[in-house]
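Reading the structure
Letter by letter, the chains look like this.
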Amino acid sequence: MIALVTGASSGIGAAVARRLAAEPEARLVLVARRRDRLEALAEGLGGATVIAADLLQEATPGLVARRVTEEHGRLDLLVNNAGAALGLDPVAEGRDDDWQAMMDTNVVGLLRVTRSFLPLLRAAPHAHIVNLGSIAGFEVYPGGAGYAASKHAVRAITQVLRLELNGEPIRITEIAPGMVETEFSEVRFGGDKQRAAGVYAGVQPLTADDVADCIVWAVTRPPHVDIDVMVVRPVAQAASHKVARNLE
Ligand SMILES: NC(=O)c1ccc[n+]([C@@H]2O[C@H](COP(=O)([O-])OP(=O)(O)OC[C@H]3O[C@@H](n4cnc5c(N)ncnc54)[C@H](OP(=O)(O)O)[C@@H]3O)[C@@H](O)[C@H]2O)c1
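Summarised in this report is the structure supplied together with it. Note that this is a predicted model, so its numbers are computed, not measured. (Residues numbered from 1 in each chain as written. Predicted model: local features only at pLDDT ≥ 70, side-chain atom pairs only at ≥ 80, totals over all residues. Heavy atoms only, no water.)

Points about the pairing of strand β2 (residues 27–32)
For β2, the tally of buried residues reaches five of six residues, placing the bulk of the element in the interior. Note that strand β1 (residues 2–6) and β2 share five bridges and pair parallel. Looking across to β2, one finds that Val5 is bridged to Leu30. Each parallel crossover has a hand, and for β1 linked through helix α1 (residues 11–21) to β2 it is right-handed. Relative to strand β3 (residues 49–52), β2 is paired through four bridges, and the arrangement is parallel. If you follow Val29 over to β3, its bridge partner there is Thr49. In terms of handedness, the path from β2 via helix α2 (residues 35–44) over to β3 forms a crossover that is right-handed. (Buried < 20%, exposed > 50% of the residue type's maximum accessible area, 1.4 Å probe, protein only. Helix = DSSP H or I, 4+ residues; strand = E, 2+ residues; numbered from the N terminus. Pairing = 2+ DSSP bridges. Right-handed = clockwise from strand over helix to strand, strands pointing away.)

See the structure below:
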């Protein structure tokens, strides 16, 4: 299986890469901005193609696709995982830079990557696209307008692709996690580790590996079985903003 994971330098993407590496004949392509992280991960996995690139750059998806074309000639699995939440401001105080970066990374970046890789996915006997959505793709919370809008868009894109790819052997799955403890909150709060830790205080969040487990399960079903959408959240999180903390 030739699999490409975006956002493989951290969190869910790195966990998915580790689990996929254990699959028979897996050959991985790891994409993110932080080369040192990707190289350390690849070394631990016994080798992988590392592409350090910024998905905010318009040319990146095409360049990455060209490299995969040269090295492999096809792609069996695309995991569109790279993404971020930036800020938790109400709309009245929202920052243009945060909104723009979320839309560019989570929505336009995902669209460009998918478009660039469709020819390679079509060159595989069976292919699979996994998009990382979120419970924010169908629930909302105060301060989450930009992020929730971007993840609602991921949900819409996934559904549109399912219609557009009907008749082709390409599966498409949306994985929609609730709270997962990764670098996500630290990124959201501009590197404020204390504020990020508060998100997970008094609650057992999902781990990146919990989500990777779901993704690899969906991917390893027989080729005619399409897992459309999988919602996975901590048992203590009934809704995005309703979290039971400090339970015995
Ligand atoms: N953690 C949660 O609670 C949660 C819940 C629901 C959904 N999700 C979704 O799950 C996905 C993974 O998040 P995570 O929790 O694993 O967060 P994370 O630890 O912050 O990882 C995000 C990954 O995305 C990459 N990335 C971000 N911007 C990029 C860009 N412009 N170009 C290339 N790579 C970029 C980062 O790599 P570099 O910084 O090295 O570029 C990193 O590898 C995201 O789509 C997120 O929205 C997370």
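From this point, things continue past the structure.
Regarding the site of the ligand
Neighbouring residues of the ligand: 30 residues in total, closest Ser9, Ser10, Arg33, Tyr147 and Thr182. Between the ligand and the protein, one listed contact pairs an oxygen atom with a side-chain N or O atom of Arg33 at 2.6 Å. The contact in question runs from an oxygen atom of the ligand to an N or O atom on the side chain of Thr182, over 2.6 Å. The protein chains hide 96% of the 890 Å² of surface that the ligand would expose on its own. (Near = heavy atom within 4 Å. Polar contact = N/O pair within 3.5 Å; in protein donor to acceptor, adjacent residues only side chain to side chain. Areas by Shrake-Rupley, 256 points an atom, 1.4 Å probe, with all protein chains shown as cover.)

Thoughts on a nonpolar patch on the surface
Taken together, the side chains of Phe138, Val229 and Val231 make up a nonpolar region of the molecular surface, amounting to roughly 220 Å² of accessible area. Looking at the element boundaries, Val229 is found in strand β7 (residues 229–232). (Patch = residues over 30% accessible without salt bridge, like charges linked within 9 Å, V, L, I, M, F, W, Y side chains within 5 Å. Salt bridge = Lys/Arg side-chain N within 4 Å of Asp/Glu carboxyl O.)

Concerning the sheet that holds strand β5 (residues 127–132)
Sheet architecture is open: seven strands sit in the order β3-β2-β1-β4-β5-β6-β7, paired in parallel fashion. Either end of the sheet is taken by a strand with one partner, and the two such strands are β3 and β7. Strand-to-strand twist of the sheet, defined as the mean angle between neighbouring strand axes without regard to direction, takes the value 15 degrees. In this sheet, strand β6 (residues 170–177) lies alongside β5 in parallel orientation, the contact comprising six bridges. Its bridge partner lying in β6, Ala127 is registered against Ile170. Helix-sheet contacts for helix α3 (residues 60–71) involve β1, β2 and β3, and the interaxial angle to β3 is about 165 degrees. Along the sheet, helix α4 (residues 96–122) contacts β1, β4 (77–80), β5 and β6; its crossing angle with β4, the most-contacted strand, is approximately 175 degrees. (Axes fitted to C-alpha atoms, helices over the stretch in contact; angles between N-to-C directions. Contact = heavy atoms within 4.5 Å.)

Some words on unusual backbone geometry
A positive phi angle, close to 55 degrees, is found at Glu25, a residue other than glycine. Along the chain, Glu25 turns up in the loop between α1 and β2. Exposure remark for Glu25: the relative accessible area of 72% places this residue in the exposed category.

A short note on the nonpolar core
Proteins that are soluble and globular tend to have nonpolar side chains buried together. Membership of the largest hydrophobic core comes to 34 residues, with the highest contact counts inside it found for Ile12, Val16, Leu20, Leu30, Val130 and Ile215. Breaking this core down by element, the ones donating at least two residues are β1, α1, β2, α2, β4, β5, α8 (208–219) and β7. Take this core: its biggest share by element is eight residues, from α8. Excluding residues that lie within four positions of it along the chain, Leu20 makes contacts with Met1, Ala3, Val5, Ala26, Leu28, Leu77 and Val216. Val64, Leu75, Leu78 and Leu118 belong to the second-largest nonpolar core, a separate cluster that totals 28 residues. (Core = buried A, V, L, I, M, F, W, Y, C linked by side-chain atoms within 4.5 Å.)

Overview of the packing of α3 against α4
Between α3 and α4, the least distance of the axes is 9 Å, while the angle of their chain directions is 25 degrees. Between α3 and α4, the interaxial angle falls into the category roughly parallel. Our pair here, α3 against α4, has a crossing hand that is right-handed. Together, Pro61, Gly62, Val64, Ala65, Val68 and Thr69 of α3 and Arg112, Val113, Ser116, Phe117 and Leu120 of α4 make up the contact between the two elements. (Parallel < 35°, antiparallel > 145°, perpendicular 65-115°, else oblique. Left-handed = near helix turned anticlockwise from the far one by under 90°.)

Some thoughts on α2
Since there are 3.6 residues in each turn of an α-helix, residues three or four apart along the chain are aligned in direction. Listed in full, the buried residues belonging to α2 are Leu38, Leu41 and Ala42. Looking down the long axis of α2, one finds its buried residues gathered within 100 degrees of arc, a one-sided arrangement. Relative to its buried face, α2 has exposed residues pointing more than 90 degrees away, namely Asp36, Glu43 and Gly44. Where α2 is buried, its residues meet α1, β2 and β3. Positive phi shows up at Gly46, right after α2, with a value of about 80 degrees. (Arc of directions from axis to C-beta.)

Structural measurements only, silent on function.
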